[in-house]
Amino acid sequence: MAEKSNQEGHPTKAFGWASRDHSGVLSPFNFSRRATGEKDVAFKVLFCGVCHSDLHMIKNEWGISTYPVVPGHEIVGQVTEVGSKVEKFKVGDKVGVGYMIGSCHSCDSCHNDLENYCPEVILTSGGKYHDGTTTYGGFSDIMVADEHYAVRIPENLPLDSSAPLLCAGITVYSPLRFYGLDKPGMHVGVVGLGGLGHVAVKFAKAMGVKVTVISTSLEKKEEALEHLGAHSFLVSRDPDQMQAAAGTMDGIIDTVSAAHPLFPLIGLLKTQGKLVLVGAPVKPLELPVFPLIMGRKIVGGSSIGGMKETQEMIDFAAENNITADVEVIPMDYVNTAFERLSKADVRYRFVIDVGNTLKI
């Protein structure tokens, strides 16, 4: 086994796949990772999930991308080296890195274990690190990260299907906890049965919550009820079904990242109910205020979670045998995967077998 780093190393050659312009097409890319610092862990990437946010980033649909972009922020692997002051990890440990790899450590958010809301949060892919360099994500052979931004993956969780929990999982777990939608016997709706929605159903069920999947068509009814075990299914385009379900839900987790009307969803909430948006539509949504006022209802948002909560989520997943439903793909299939993802043609998350299929 490798020993602790002497902190005098040089940058490490790395290899991955990158998008070089807004076409979003990925191709092989050579680059460097920084030398392992005293608080860093270096690890061999074994699997990396493919998130809808990656699609936005490689095409610069949010206007924040800096090319080349090496996507990937649902990264799991095995530690190969640790810095001299690392306390949480040792060589050989299973480790994961999600959507962020840095923050300021001095603001209120950071002091309250909410690094994800730090004004200076550093994204794992396409961010600017403390030294001014662009961050490259997990579509690559190795990663280096400050141990604070890495989570321990419990032994009983398979690496391929636990990778998406580092983004999709925490994105739905955090609002269920924060907005108090985690109490046994509550009724929670989940809008959209994709990468986020299917794990939202699993987490909510494990918390003892009654779950209704809300979708635009009957297409996913059997999947929602039989495979994922949702308690009920609601077609949002069926006025009779929506009327029958009006005022029955304590909260709704809305995972849809495309433009869609909020008014029908607000109608499903009980008085003082909460509609939480975790999808990220490119165009603004229209917000009807009157039904909020008349029912003291709340529309809120949520973005991933802090590192303490992310570890809590992974541990909860391990205790309750929660993993994502994944389609494992080779690295050279990634462009096709993005095309399919743009058409929602995946059940429910692509995960790249980086360790076995990334060829230099």
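None of these values were measured; they are calculated from a predicted model. (Residues numbered from 1 in each chain as written. Predicted model: local features only at pLDDT ≥ 70, side-chain atom pairs only at ≥ 80, totals over all residues. Heavy atoms only, no water.)

**Side note on the UniProt feature "domain: Enoyl reductase (ER)" (unreviewed entry) in the protein**
(1) Moving on: As recorded in UniProt, the feature "domain: Enoyl reductase (ER)" (unreviewed entry) lies at residues 24-352.
(2) Moving on: When the span residues 24-352 is considered, its composition is 26% helix and 26% strand, and the gap between its end C-alpha atoms is 17 Å. (UniProt positions renumbered as here; feature names shortened; annotations may be inferred. Helix = DSSP H or I, 4+ residues; strand = E, 2+ residues; numbered from the N terminus.)

**Regarding the pairing of strand S12 (residues 232-235)**
(1) Moving on: Strand direction decides the pairing type here: strand S11 (residues 210-215) and S12, joined by four bridges, are parallel. Within S12, the residue paired with Ile-214 across the bridge is Leu-234.
(2) Moving on: Running through helix H6 (residues 221-227), the crossover from S11 to the neighbouring parallel element S12 is right-handed. (Pairing = 2+ DSSP bridges. Right-handed = clockwise from strand over helix to strand, strands pointing away.)

**Brief notes about the sheet that holds strand S13 (residues 249-254)**
(1) Moving on: Reading across the sheet, the six strands line up as S12-S11-S10-S13-S14-S15 and stay open at both edges, with parallel pairing between neighbours. Bordering the open sheet on either side are S12 and strand S15 (298-301), each of which pairs with just one other strand. Here the strands of the sheet are splayed against their neighbours by 20 degrees on average, with no regard to which way each runs.
(2) Moving on: Bridge count for S13 against strand S14 (residues 269-277) is five bridges, and the pairing is parallel. Residue pairing in the sheet places Gly-251 in a bridge with Lys-274 of S14.
(3) Moving on: Along the sheet, helix H5 (residues 195-206) contacts strand S10 (187-191) and S11; its crossing angle with S11, the most-contacted strand, is approximately 165 degrees. (Axes fitted to C-alpha atoms, helices over the stretch in contact; angles between N-to-C directions. Contact = heavy atoms within 4.5 Å.)

**A word on the side chain of Ser-109**
(1) Moving on: By the secondary structure assignment, Ser-109 is in helix H2 (residues 108-111).
(2) Moving on: Note on Ser-109: relative accessible area 19%, which makes it buried.
(3) Moving on: Setting aside its immediate chain neighbours within four residues, Ser-109 contacts Leu-114, Glu-115, Tyr-117 and Cys-118. (Buried < 20%, exposed > 50% of the residue type's maximum accessible area, 1.4 Å probe, protein only.)

**A closer look at a nonpolar patch on the surface**
(1) Moving on: The grouping of Leu-287, Val-289, Phe-290, Ile-293 and Met-294 at the surface amounts to a nonpolar patch, some 560 Å² of accessible area in total.
(2) Moving on: Looking at the element boundaries, Met-294 is found in helix H9 (residues 290-295). (Patch = residues over 30% accessible without salt bridge, like charges linked within 9 Å, V, L, I, M, F, W, Y side chains within 5 Å. Areas by Shrake-Rupley, 256 points an atom, 1.4 Å probe, with all protein chains shown as cover. Salt bridge = Lys/Arg side-chain N within 4 Å of Asp/Glu carboxyl O.)

**Description of the nonpolar core**
In summary, soluble globular proteins display a tendency toward joint burial of nonpolar side chains.
(1) Moving on: Formed by 53 residues in total, the largest nonpolar core has its most connected members in Leu-176, Val-201, Phe-203, Ile-253 and Ile-314.
(2) Moving on: If you list the elements that add at least two residues to this core, you get strand S3 (40-50), helix H4 (168-178), S10, H5, S11, S12 and helix H10 (307-319).
(3) Moving on: Ignoring anything within four residues of it in the chain, the contact list for Phe-203 reads Leu-165, Gly-169, Val-172, Tyr-173, Leu-176, Met-313, Phe-316, Ala-317 and Ile-322.
(4) Moving on: Membership of the second largest hydrophobic core comes to 42 residues, among which are Trp-17, Cys-48, Ile-75 and Ala-337. (Core = buried A, V, L, I, M, F, W, Y, C linked by side-chain atoms within 4.5 Å.)

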